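Structural overview for review
Spelled out, the chains give:
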Amino acid sequence: MDICNEHSSLPSARWPNVCRFEVFLSFRGELRGDFVEFLYKGLADSGINAFIDRDGIEIGEEIMLKILRVIRHSEICIPIFSKDFASSKSCLKEVAEMVERNRIIMPIFYDVSPSVVGKQEESYQQSFCTHAALGEMSATIDNWKKALHTVSGMRGWELEKFNYGEHELINEVVSTVGRLLRKDDLDATVHLVGMDQPVQEVMKKLDVRYENGEVIEEQTLTGKRVVEISGLPGIGKSTLATVVYNKIHHLFEGKSFLKEVEQKRLPSLQEDLVSALQKKRCTLRSSTQGTEFIKYKFRDLQVLIILDDVSDFEQINSLAGDLSWFGPGSRIIVISTRNNLVDKYSQVHVTSRSSSIVNGCDDILVEKYELKEMNNDHAFQLFCKYAFRGKPLQEEFSSLAWDISLAAGGIPFVIEIVGSFLHGKIIEFWKEALGRLNREPYNEEVKRILKRRYEDLDRYAREIFLDIACFFVEKDKTIPIYMWEACKYDPYRGIDELRSMSLVKTRENNELWMHNQLKVFGREIVKEKNPSEPFKWSRLWNQEDIELVLNEMKVNFEDKEVHDWQVATVEALSATFDNPHSFAKPRFFRKFSNLRYLKMSHVIIKGNNQSAKNSRENLFLPRLKWLEWQWCHNISSLLALDLSDLVVLDLSWSNSTTWQCWRQIMKKAENLKVLILKHCSWLAESPVSNAPVSLERLNLEHCSPLPVVGRSIRNLRNLVSLNIKFCSRVQELPEDIGYLEDLKELYIDGTSIRAIDFPEGSYGKLEILSACDCKSLSLPDSIGNLKSLLCLALDDTKLSELPDSIGLLENLQKLSLSNCRNLWKLPGSIGNLKELQVMDLSDTLVKELPLSVQDLRNLKVLRMARTFIREFPGGIKDLERLEEIDFSGCRSLEGKCEITGLSSLRVLLLEKTDISQLIVIDFQCSNLQNLRLDAGVPISKIKTTKGE
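Residues numbered from 1 in each chain as written. Predicted model: local features only at pLDDT ≥ 70, side-chain atom pairs only at ≥ 80, totals over all residues. Heavy atoms only, no water.

Tallied over the full model, the rule gives 28 salt bridges. Glu 97 is the salt-bridge partner of Arg 72, the closest N and O atoms lying 2.8 Å from each other. With Arg 72 in helix 2 (residues 61-73) and Glu 97 in helix 3 (residues 89-100), this pair connects stretches of sequence that are 25 residues apart. Looking at Arg 72, the relative accessible area reads 32%, which means it is partly exposed. Between Asp 742 and Lys 765 there is a salt bridge, with its nearest N and O atoms 3.2 Å apart. With Asp 742 in the loop between strand 25 (721-723) and strand 26 (745-747) and Lys 765 in the loop between strand 26 and strand 27 (768-770), this residue pair connects regions lying 23 residues apart in the sequence. (Salt bridge = Lys/Arg side-chain N within 4 Å of Asp/Glu carboxyl O. Helix = DSSP H or I, 4+ residues; strand = E, 2+ residues; numbered from the N terminus. Buried < 20%, exposed > 50% of the residue type's maximum accessible area, 1.4 Å probe, protein only.)

Now for the packing of helix 8 (residues 196-206) against helix 9 (residues 237-248). Think of two packed helices as two axes; the pair is described by the angle between the axes and how far apart they sit. The geometry of helix 8 relative to helix 9 is characterised by a closest axis approach of 10 Å and an angle of 60° between their N-to-C directions. Judged on the interaxial angle alone, helix 9 and helix 8 are oblique. When the axes of helix 8 and helix 9 are compared, the crossing they make is right-handed. The segment helix 8 lies against helix 9, with Pro 198, Val 199, Val 202, Met 203 and Leu 206 engaging Leu 240, Val 243, Val 244, Lys 247 and Ile 248. The residue inventory of the contact of helix 8 with helix 9, partitioned by class, reads 9 nonpolar, no polar and 1 charged. (Axes fitted to C-alpha atoms, helices over the stretch in contact; angles between N-to-C directions. Parallel < 35°, antiparallel > 145°, perpendicular 65-115°, else oblique. Left-handed = near helix turned anticlockwise from the far one by under 90°. Contact = heavy atoms within 4.5 Å. Nonpolar A, V, L, I, M, F, W, Y, C, P; charged D, E, K, R; others polar.)

A cluster of nonpolar residues, Trp 824, Leu 845 and Phe 868, forms a patch on the protein surface that exposes about 290 Å² of accessible area. With respect to the element layout, Phe 868 can be found in the loop between strand 31 (861-863) and strand 32 (884-886). (Patch = residues over 30% accessible without salt bridge, like charges linked within 9 Å, V, L, I, M, F, W, Y side chains within 5 Å. Areas by Shrake-Rupley, 256 points an atom, 1.4 Å probe, with all protein chains shown as cover.)

Overall, the coordinates contain 1 cavity of 30 Å³ or more when judged by the stated rule. One number sums up the size of the largest cavity: a volume of about 40 Å³. If you go around the largest cavity, the residues you meet are Ile 756, Phe 758, Leu 769, Ala 771, Leu 777, Ser 778, Leu 779, Pro 780 and Leu 794. Per-class residue counts for the lining of the largest cavity are 8 nonpolar, 1 polar and no charged. (1 Å grid on protein atoms, 1.4 Å probe; cavity = no way out; pocket = protein on both sides within 12 Å on 5 of 7 lines; lining within 4 Å. Points joined across faces, edges and corners; volume = space filled by probe spheres on them.)

Turning our attention to the confidence of the model for the chain. Here the chain averages 84 in pLDDT, while 88% of its residues score no lower than 70. Confidence drops under a pLDDT of 50 for residues 349-361, and excluding neighbours within four residues, the segment shows 22 contacts in the predicted structure. Within the model, the stretch residues 557-565 combines pLDDT values under 50 with 10 contacts to residues more than four positions away or in other chains. (pLDDT = per-residue confidence, 0-100.)

With that settled, consider the side chain of Ser 601. In this structure, Ser 601 sits in strand 20 (residues 597-606). The buried category is assigned to Ser 601, whose relative accessible area is 6%. Residues contacting Ser 601, with those up to four places away along its chain left out, are Ala 575, Thr 576, Phe 577, Gln 630 and Trp 631.

Judged by side-chain charge, Glu 848, Glu 871, Glu 894 and Asp 914 come together as a negatively charged surface patch. Within the element layout of this structure, Glu 871 appears in the loop between strand 31 and strand 32. (Lys, Arg positive; Asp, Glu negative; His and termini not counted. Charge placed at Lys NZ, Arg CZ, Asp CG, Glu CD.)

Looking at where Ala 241 falls in the secondary structure, it is placed in helix 9. Setting aside chain neighbours within four positions, we find Ala 241 in contact with Ile 229, Phe 257, Ile 306 and Ile 335.

In a beta sheet, neighbouring strands are held together by backbone hydrogen bonds and run either parallel or antiparallel to one another. Pairing within the open sheet is parallel, and its 3 strands lie in the order 33-35-37. In this open sheet, the two strands that pair with only one neighbour each are strand 33 (894-898) and strand 37 (939-942). Geometrically, the sheet is characterised by an average inter-axis angle of 20° between neighbouring strands, direction not taken into account. In the sheet, strand 33 pairs with strand 35 (residues 914-921) via 5 bridges, with the strands oriented parallel. (Pairing = 2+ DSSP bridges.)

It is worth spelling out helix 8 at this point. When helix 8 is considered as a whole, its buried residues turn out to be Pro 198, Val 199, Val 202, Met 203 and Leu 206. Buried residues along helix 8 cover an arc of 135° about the axis, so they all sit on one side. Exposed side chains of helix 8 directed beyond 90 degrees from the buried face belong to Asp 196 and Lys 204. The elements touched by buried residues of helix 8 are strand 7 (210-211), strand 8 (214-215), strand 9 (224-230), helix 9, strand 12 (331-336) and strand 15 (364-370). (Arc of directions from axis to C-beta.)

Moving on, we come to helix 15 (residues 412-422). Most of helix 15 is tucked away: 9 of the 11 residues are buried. Looking at helix 15, one finds that the buried residues are Pro 412, Phe 413, Val 414, Ile 415, Ile 417, Val 418, Gly 419, Phe 421 and Leu 422. At the C-terminal side of helix 15, Gly 424 shows a positive phi close to 80°.

Right, let's get into the pairing of strand 10 (residues 254-258). With 5 of 5 residues buried, strand 10 lies mostly within the body of the structure. What you see with strand 10 is no split at all: Gly 254, Ser 256 and Leu 258 on one side and Lys 255 and Phe 257 on the other are buried throughout. Summarising the sheet, strand 10 and strand 11 (residues 303-307) pair through 5 bridges and their orientation is parallel. Pairing of Ser 256 across the sheet is with Ile 305, part of strand 11.

What follows deals with the environment of Asp 490. Along the polypeptide, Asp 490 turns up in the loop between helix 19 (478-486) and helix 20 (491-500). Through-space distance from the C-alpha of Asp 490 to that of Ala 461 is 8.0 Å; in sequence the pair is 29 residues apart. If near-sequence neighbours (up to four positions away) are discounted, Asp 490 is found in contact with Tyr 460, Ile 464 and Trp 484.

A positive phi is found at Gln 120, a non-glycine position, where the angle reads about 55°. Following the sequence through the fold, Gln 120 ends up in the loop between helix 4 (114-119) and helix 5 (123-133). Here Gln 120 falls in the buried class, since its relative accessible area comes to 12%. Backbone geometry at Phe 726 places phi at a positive 60°, although glycine is not the residue there. Residue Phe 726 is classed as partly exposed on the basis of its relative accessible area of 30%.

Among the 8 residues of strand 35, 6 are classified as buried, and the element is accordingly described as predominantly covered. Sheet topology places strand 35 next to strand 37; 4 bridges connect them, and they run parallel. In the strand pairing of strand 37, Ile 919 is matched with Ser 940.

One can describe the packing of helix 1 (residues 34-45) onto helix 7 (residues 165-180) by two numbers: an axis separation of 9 Å at closest approach and a directional angle of 35°. Read as a crossing pair, helix 1 and helix 7 show a hand that is right-handed. Here Phe 35, Phe 38, Leu 39, Gly 42 and Leu 43 of helix 1 lie close against helix 7, whose contacting residues are Glu 166, Leu 169, Ile 170, Val 173, Val 174 and Val 177. In the contact of helix 1 with helix 7, the residues fall into 9 nonpolar, 1 polar and 1 charged.

Shown next as structure tokens:
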């Protein structure tokens with residue numbers, strides 16, 4: 001049902017986190033059973049923070065003041081009117097407060113009509129007579145009646161009008177509230193300039209009623225619509241689609257926004273689509289199964305599907321290729337630089353009529369919308385945002401800024417690139433940029449700017465840039481660095497150079513990232529000399545191009561007159577197939593004479609096994625540095641390769657049933673630095689006995705049959721990282737492992753290891769020790785000998801105490817003990833951890849922190865959610881570097897919370913505690929980006945200045 005009152009929409013700015021609930025529920029006690037509980041749970045499951053009184057008693061005066069504060073700070077108030085609602089003075093006070101404070105009110109009429117509430121008839125009239133007889137002032141009663149009359153005139157929900165009763169009503173309430181609070185909205189760029197008209201036009205093509213910037217509610221979508229949004233690269237197509245999605249997604253039963261369709265594998269896209277539409281995660285065995293599932297699962301579901309960055313109809317075909325797969329009222333938006341992709345919908349039961357494609361029987365309409373350039377004023381406004389970044393427009397640059405914004409052609413991406421490039425530059429740079437923009441079309445200018453950045457890189461940084469663009473976006477940089485070092489690309493210098501030029505970023509967990517346009521640009525560099533001949537490219541990453549090359553190789557290989565045909569230019573190849581593909585060994589390997597990086601998945605190589613005794617001249621791939629062969633069917637195929645220069649070998653998920661040739665493989669790979677054997681279900685013996693001495697990183701994660709690591713690990717004197725996570729049968733580590741001089745990372749999570757000894761002089765360089773979920777592990781006093789340790793993770797263990805020697809870890813920066821359900825105290829020596837920055841004690845039995853925590857001067861993050869701490873720790877009140885405190889869910893925490901000494905605090909989480917008062921400095925609230933308190937907790941501000 002449509003809900004409206006004097007508020008047309010929620011405020012655009014987000015509310016402060018202080019004392020705020022998103023929804024306040026007001027109801028009489030008799031509704032405290034299933035209806036209110038199910039409504040509350042439905043709101044909570046949708047991520048909506050609702051206030052509910054669970055005590056089931058008449059609210060006294062002190063608590064009433066708290067309730068009124070909650071109403072003032074709630075975004076939406078939902079009074080649930082029942083026959084006995086007016087008998088409660090508290091409920092009447094709540095409604096009067098909602099009206100007086102001009103809240104957004106969305107009433108539910110449970111077992112009473114709006115007219116009874118508004119006119120105070122029947123039981124409401126009796127209740128007011130009772131209040132008068134008990135001495136309530138007539139002015140107060142009149143105020144209550146006026147408030148009820150006001151709310152009864154607002155459109156709300158009446159239970160009797162829902163055919164399927166309470167369940168249907170609750171779903172409607174949750175859906176409407178979620179929409180008003182924008183719970184399912186996607187992030188859009190902060191610089192939304194000039195979008196109003198395009199949004200209006202796309203809404204029209206979608207046949208969605210839209211007026212004055214708002215979707216008309218209570219409309220029924222009919223038929224099925226496809227809208228293709230096309231336009232030049234960087235013009236804002238994805239941003240437009242995101243804005244449209246945020247405005248209309250609430251009209252649909254299922255919705256999905258699939259980004260970067262061209263770059264992702266089909267099974268992954270299908271899983272994302274199905275999971276979003278059915279609102280629970282699914283796993284599909286194959287793309288064929290995915291297509292069949294989509295065909296029959298959603299025929300009665302009204303869906304909104306957006307497919308972003310599509311270059312070929314085949315990418316659409318297995319996701320939303322036939323509109324009969326979805327229910328009436330469904331809408332599909334396709335985003336592409338091309339403007340003819342949706343023409344192929346004519347091949348799936350639709351016919352062409354003038355500029356649109358229509359099927360009269362099913363009311364199917366396929367429309368096109370081309371996004372045009374920004375107008376001059378919008379272009380100038382956007383350029384100034386990037387070129388001056390909030391600073392005043394200097395007079396000497398004013399005229400140039402206008403001319404450059406005009407010359408940029410109204411393309412947001414060009415404006416962003418040029419504006420960012422000119423930020424902080426002298427005026428001569430501006431004049432040169434204007435000259436180039438006036439001489440060349442926009443796409444050439446963008447390429448020129450990107451090309452200039454690219455050409456400013458040294459030779460090896462360019463190679464690294466292209467590798468990242470083709471293979472390593474969103475990948476951990478640690479492993480590629482080994483290959484780049486083996487190729488003598490100077491990777492540390494190269495990555496630093498790329499970062500400084502904003503071509504590459506490093507995110508959390510060492511993840512490499514670059515903007516999609518930069519990724520596309522890098523791949524265009526690879527293609528530019530021979531765009532239609534992929535066998536001449538230096539890198540191959542697209543499955544279709546790879547199959548084209550392999551098919552060409554087959555033709556030439558079988559042609560006896562062609563002896564010198566080869567793909568010697570190909571340096572890197574990622575052949576990741578969805579299903580097993582078989583190739584003859586000579587055809588797949590022989591011609592790639594310069595291949596240094598080879599990634600394969602589901603590739604089966606047929607042919608006679610190559611003997612390890614053959615000379616190097618007879619082996620394939622003589623320059624190979626990285627071999628990643630997931631789901632390898634038979635590891636003996638590796639014997640046909642020249643592994644002498646190999647530094648990275650990844651055989652994860654190998655289903656090879658025989659490992660007898662492992663010794664021969666390791667003997668050939670004498671320079672191996674990284675060995676990854678994750679999820680190798682047939683690996684029953686430790687591979688370390690045959691591993692080369694050069695090995696630095698060994699990952700055996702989830703090799704569940706593995707019983708031991710192997711004593712031979714002592715021979716791996718260069719080992720830096722050992723990962724045996726979830727090798728559940730491993731019960732102990734070899735004694736000699738602690739004397740590996742270069743070992744820095746040890747991951748034993750989920751193993752059956754009970755104890756580790758750290759004798760003095762052992763584990764001298766260990767920086768990371770992760771032993772989470774080791775249920776039998778005990779921590780010895782010798783832990784204090786790990787002088788180089790930076791991170792200690794013991795989450796989900798059964799430790800009850802930490803040894804005093806923990807205080808000897810003088811370099812420790814992170815201590816994680818979350819979900820240690822038996823841990824009840826910390827030793828006083830914890831204060832000796834002078835370098836500690838993060839301490840996580842969430843979900844433990846800890847009741848207090850030792851006073852010595854006052855010495856943790858470098859502590860930035862303290863997490864103690866759902867612990868038994870009883871008062872705000874005095875020891876932390878002056879830790880000036882503390883940025884985040886999480887005490888949420890600490891039910892025993894009471895008293896005052898003073899944070900006046902915490903000048904760096906940005907996050908303070910105190911919800912679901914019994915804190916009685918928060919004491920801050922007057923300017924401190926402005927520094928807090930995330931402050932969460934229970935409703936009614938007063939905030940006392942101490943007047944001072946930042947200089948004091």
